Amino acid sequence: MSRPTPRVWALLAVVTVAIGVGTAVGVTEYRRAAAQDAAADPVAATDLASVSGVPHLVFRSTAPGDQYGLVALVPLDDPSGPRAFTDVECDRVAAGATATACLRTIRGVATRFEAELLDAQWQTTETWPLPGVPSRTRLSSDQTLLATTSFVTGHSYTTTGFTTQTIVHDLTSGDSFDIEEFTLVVDGEEVAPVDRNLWGVTFADDDTFYATAQSQSLGHTWLVRGSLSERTVETIQDGGACPSISPDGTRIGFKVQTSNDPVHWEIGILDLRDGSQRVLTGETRSFDDQIAWLDDDTVMYGLPRADEPGVTDVWSIDLAEDASPVLLVPQAWSPQVVGG
Amino acid sequence: MTASTRSGSLPAEPAPGGTRPPRAARSTRVSSAVVTLGIVSLLTDISSESVAAILPLYITAALGLSTIAYGFIDGILQGASALVRIAGGWAADRGDHPKWVAFVGYGLSAVSRAGLLLASGFAGVAAMITVDRLGKGIRTAPRDAMITAASEPRTLARSFGVHRTLDTVGATLGPLIAFAILLVIPNGYHTVFVVSLGFAVVGLAVLGLFAPDLRPRRAAWLEKHRTRETRGLPSCKGCSCGVPGLVPAGRPFSWRSAANPAVRKVLLAVGGLALLTVGDGFVYLSLQARDGFATQWFPLLYVGTNLAYMSLALPIGRLADRWGRARVLIVGHVALLAAYLSAAVVLGGAWTTLVTLALLGVFYAATDGVLAAVVGEHADASVRGTAIGTAQTVVAVARMVSAAGFGFLWYGLGRAPAMLVVAGALAIALPFAYRAVRGLDTAPPPDDQGEEDETAVPSDAGADGAPRSPEDRS
């Protein structure tokens, strides 16, 4: 047996330090997560039935603790007050009076993703797998159409690129549409870029929807209007992403990139009646979400907390010129108004 | 660690002066330097793949951003990384210290892990991904040049098989480790980054401490002159290599020798076939469109391909050594053709998916390491890194072009017909590619060339002339 050489000792030292630091950070983070759970101010909770009966907000609760990630409800007249928890865990939620759609990550050593449709009693009516990380979901106002966007990424070293997959499900007929395969019309002309991604759908009626389309090869991101019956998507504006239509159908709120370095997204509002648009300058923080409408004059959106990973807040801002953002629901994400 | 400690003693093995180990012994053992490099790749792949697997979740769940922009950046960087490969190979050839060029590449990736811990916004994360990709681009060609230099030429493809097996084991373990950490520690992304950094640093340490500082160009020079002496020739033609104190430098770098006729043939054939290689992503999406099993397991399909690649890299490497490397390289594309057909034709059920994944694994096992082996075999020692880097860049760029062009078919014809068109084109191209490289395997290497390569291991190892530190011999 020979004695270990100095370089074996050196390697052992490196391995020891690596294991030591890794363990220390792991234990610290584990303790912090546990402490966050234990010390979490007990979230004021109320019963589901009382909130379901009145106009309310449905959202994903990001309050640390056992109920992290569960869908919760707050009455519209007291959005920062006690919340009623469901037992449904989601990353993104789309809700209506009679149905709720939920996209989630199934954590595990083999992490997978799925979509679930629930009825008014929060019972599962259908589930199906998703090909990647949940990104956006919306229901039409009558809950007959559902759109889901997931982010599909190639994990293999040898694979290049990525794609979003956006599927529109007709919940009455059971048909589904991969809107990426629809005919793309740019400024009135049919084009066939070699690459295209569509995401962030919002439904105007039972046929018309708005979404984001992007072609890297053409170097453009557009807001598009689509028709399920004609299988087309037509650009309405160059620039902007993740449209969301107001309850009265007159305006579209979207995110618009106003700076490249650092990347800065602001809230844009497009008036469909006269084509005018403006940016809500009251919100100076960059946001990255598909906005939702609190009412015809107010939008809401999620912002992550800088110092608490995984915790987000829902903010709202009035469309009025001098409005500034208001913290609407603390520790929340992916809000939707039901029965408003 | 036994394998890597063994590699530490490599330089002390019989050096240039002449005696080679018996043939039988040489052909049954893969050089410990190759195993060391394999372990470095394994550790580094655990590091990079663990982060890559959770990055979309981290960006969406912890940073609260959409992942879409990340995907774009990733695509662009894959291209940048491909171009840096040539530079990495060139630097390795010029300086004749491939180990330290590879070290810089592995080092950059380790630095990017540390940076991830500090990066809070999207721009920071994107910058760190950039650094990681650049590091990967820089290190690949020098490392493959080292594998070639350290290997017995007769079993070169097997050496690459061993290396790629270890590499793929790492790529498969990485995501599992990352997801296991997240399962135990909710939002434990920083733990994943630190663990990833740990694996990267240990990999870097194994490379720095245990991989021999091979000097392929110098070794070839020494070998050539030794051979001339043993043949009773004047020590060299019109040069002064007998003068004491003169540093043997070997043939200087030249682009012309980097692309000699044999290498050019390989580049042409493989580049042409790469234009018909549309990427796993499309194959997976095609499977997903027709098979519930593939939909269910979509995020894990790449694991199936990796498992097949991992288990076949070594046997196919052996086969390539025996049957002809260039031949296996081309015939391996038949597996790709079969994968396209299998993904396009509706047979339904889990079997279609599993067979397709296995075929993709066969394709990678028969082409990735074998390409480096073929180019390493035919390129002159003085330009090997550049030649290997160029070959890998040609393939990567051609595949990107192919993926972009395939988009037209994908949207124009629909998924299955598009697959069938590419499969048909591949079927037509394969015989031509086969004919182009056929001659490369059959011709035995000319004596001079052969000698030069064959003794690369011992002469490289001892090429520094001065004996290594004493503990190396213990």
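J.: Just give me the short version of the overall build of chain A, but keep the residues and values in it.
T.: The helix and strand inventory of chain A stands at 2 helices and 26 strands. A compact globule built from 340 residues should have a C-alpha radius of gyration of about 20 Å, and chain A, at 23 Å, falls within 12% of that. Judged by the C-alpha coordinates and their principal axes, chain A covers about 85 × 50 × 45 Å. Buried positions account for 44% of the 340 residues belonging to chain A. Of the contacts formed within chain A by residues at least 6 apart in sequence, a portion of 40% connects residues at least 24 apart.

J.: An account of the overall build of chain B is requested, with residue identities and associated values reported.
T.: A count of helices and strands for chain B gives 20 helices and 0 strands. Here chain B holds 474 residues, and the buried ones make up 60% of them. Of the contacts formed within chain B by residues at least 6 apart in sequence, a portion of 86% connects residues at least 24 apart.

J.: Can you lay out the sheet that holds strand β13 (residues 189-191) of chain A for me, pointing to particular residues and giving the numbers?
T.: Backbone hydrogen bonds hold the strands of a sheet together, and the pairing may be parallel or antiparallel. Residues and elements named next belong to chain A. Here we have 6 strands laid out as an open sheet, ordered β13-β12-β17-β16-β15-β14, and mixed in their pairing. With partners counted over all chains shown, the strands left at the sheet margins are β13 and β14 (197-203), one partner each. Pairs of neighbouring strands in the sheet enclose a mean axial angle of 35 degrees, with direction left out of account. In the sheet, strand β12 (residues 183-186) pairs with strand β17 (residues 232-238) via 3 bridges, with the strands oriented parallel. Looking at the pairing, L184 lines up with V233 of β17.

J.: I'd like to hear about the environment of T127(A), residue by residue, with values.
T.: All names here are of chain A. Here T127 lies in strand β7 (residues 124-130). Remark: the alpha-carbon pair of T127 and L103, spanning 24 residues in sequence, is separated by 9.6 Å. Beyond its immediate chain neighbours, meaning those up to four positions away, T127 contacts E114, A115 and E116.

J.: Quick rundown of the sheet that holds strand β20 (residues 263-271) of chain A? Include the residues and the values.
T.: All names here are of chain A. Pairing in this open sheet of 4 strands is antiparallel, and the strands run β18-β19-β20-β21 from one edge to the other. Each edge of the sheet is formed by a strand with only one pairing partner; in this case those strands are β18 (241-245) and β21 (277-279). The average angle at which neighbouring strand axes cross in this sheet is 30 degrees, direction not considered. Pairing analysis gives 3 bridges linking β20 to β21, with the strands arranged antiparallel. In the strand pairing of β21, G268 is matched with V279.

J.: Explain helix α12 (residues 280-290) of chain B to me, and be specific about the residues and the numbers.
T.: Counting buried positions along α12(B) yields 9 of 11 residues, so the element is predominantly enclosed. Along α12(B), the positions that sit buried rather than exposed are D280(B), G281(B), F282(B), V283(B), Y284(B), L285(B), S286(B), L287(B) and Q288(B).

J.: So what about the environment of A289(B)? Which residues, and what values?
T.: Residue and element names in this part refer to chain B. Turning to its location among the elements, A289 is positioned in helix α12. Judged by local crowding, A289 falls into the partly exposed class, with 15 C-beta atoms found within 10 Å. Separated by 126 residues in sequence, A289 and R415 place their C-alpha atoms 8.4 Å apart.

J.: Tell me about the packing of helix α3 (residues 32-62) of chain B against helix α6 (residues 122-150) of chain B, and name the residues and values.
T.: Residues and elements named next belong to chain B. The contact between α3 and α6 brings their axes to 12 Å, and the two run at 160 degrees. Accordingly, the angle class assigned to the pair α3 and α6 is roughly antiparallel. Judged by the sense of rotation from one axis to the other, the crossing of α3 with α6 is left-handed. The residues of α6 that touch α3, namely those facing A33, V34, L37, S48 and I59, are V125, D132, R143, M146, I147 and A150.

J.: Run through the packing of helix α5 (residues 98-118) of chain B against helix α8 (residues 189-210) of chain B, naming residues and quoting values.
T.: Residue and element names in this part refer to chain B. Contact pair α5 / α8: the axes reach a minimum separation of 9 Å and the direction vectors enclose 160 degrees. In terms of axis orientation, α5 runs roughly antiparallel to α8. Crossing of α5 against α8: the hand is left-handed. Counting all contacts with α5, which are made through A102, F103, Y106, G107, S109, A110, R113, A114, L116 and L117, the residues of α8 involved are H190, F193, V194, S196, L197, A200, V201, G203, L204, L207 and G208.

J.: Which residues make up unusual backbone geometry, and what values do they have?
T.: For residues other than glycine, phi is negative in most cases, and the peptide bonds are mostly trans. Residue and element names in this part refer to chain A. Positive phi, close to 65 degrees, is recorded for W122, a residue that is not glycine. Topologically, W122 is positioned in the loop between β6 (112-119) and β7. Given 14 C-beta atoms within 10 Å, W122 falls into the partly exposed group. Positive phi is not limited to glycine here, since S334 has a value of about 60 degrees. Of note, S334 is situated in strand β26 (residues 332-338).

J.: So, α6(B): which residues are in play, and what are the values?
T.: Residues and elements named next belong to chain B. Between its first and last C-alpha atoms α6 spans 42 Å; for 29 residues at 1.5 Å apiece the expected length is 42 Å, and the two agree. Along α6, the sharpest change in direction is near 30 degrees and occurs at R139; proline P142 comes one to four residues later. Along α6, 23 of the 29 residues are buried, which leaves the element largely enclosed by surrounding structure.

J.: Summarise the pairing of strand β4 (residues 92-95) of chain A; cite the residues concerned and give the values.
T.: Residues and elements named next belong to chain A. A two-sided burial pattern is seen for β4, the buried positions comprising R92 and A94 on one face and V93 and A95 on the other. When β4 meets strand β5 (residues 99-106), the two strands line up antiparallel, connected through 4 bridges. Of the residues in β5, the one forming a bridge with V93 is C102. Joining the antiparallel neighbours β4 and β5 is a turn of 3 residues.

Cut-off values and rules
Residues numbered from 1 in each chain as written. Chains lettered and ligands numbered in written order. Predicted model: local features only at pLDDT ≥ 70, side-chain atom pairs only at ≥ 80, totals over all residues. Helix = DSSP H or I, 4+ residues; strand = E, 2+ residues; numbered from the N terminus. Rg over C-alpha atoms; globule rule 2.2 N^0.38 Å. Buried ≥ 20, exposed ≤ 12 C-beta atoms within 10 Å, placed from the backbone. Contact = placed C-beta atoms within 7 Å. Pairing = 2+ DSSP bridges. Axes fitted to C-alpha atoms, helices over the stretch in contact; angles between N-to-C directions. Parallel < 35°, antiparallel > 145°, perpendicular 65-115°, else oblique. Left-handed = near helix turned anticlockwise from the far one by under 90°. Expected span 1.5 Å × (residues − 1). Bend = angle between axes of the 7 residues up to and from the residue.

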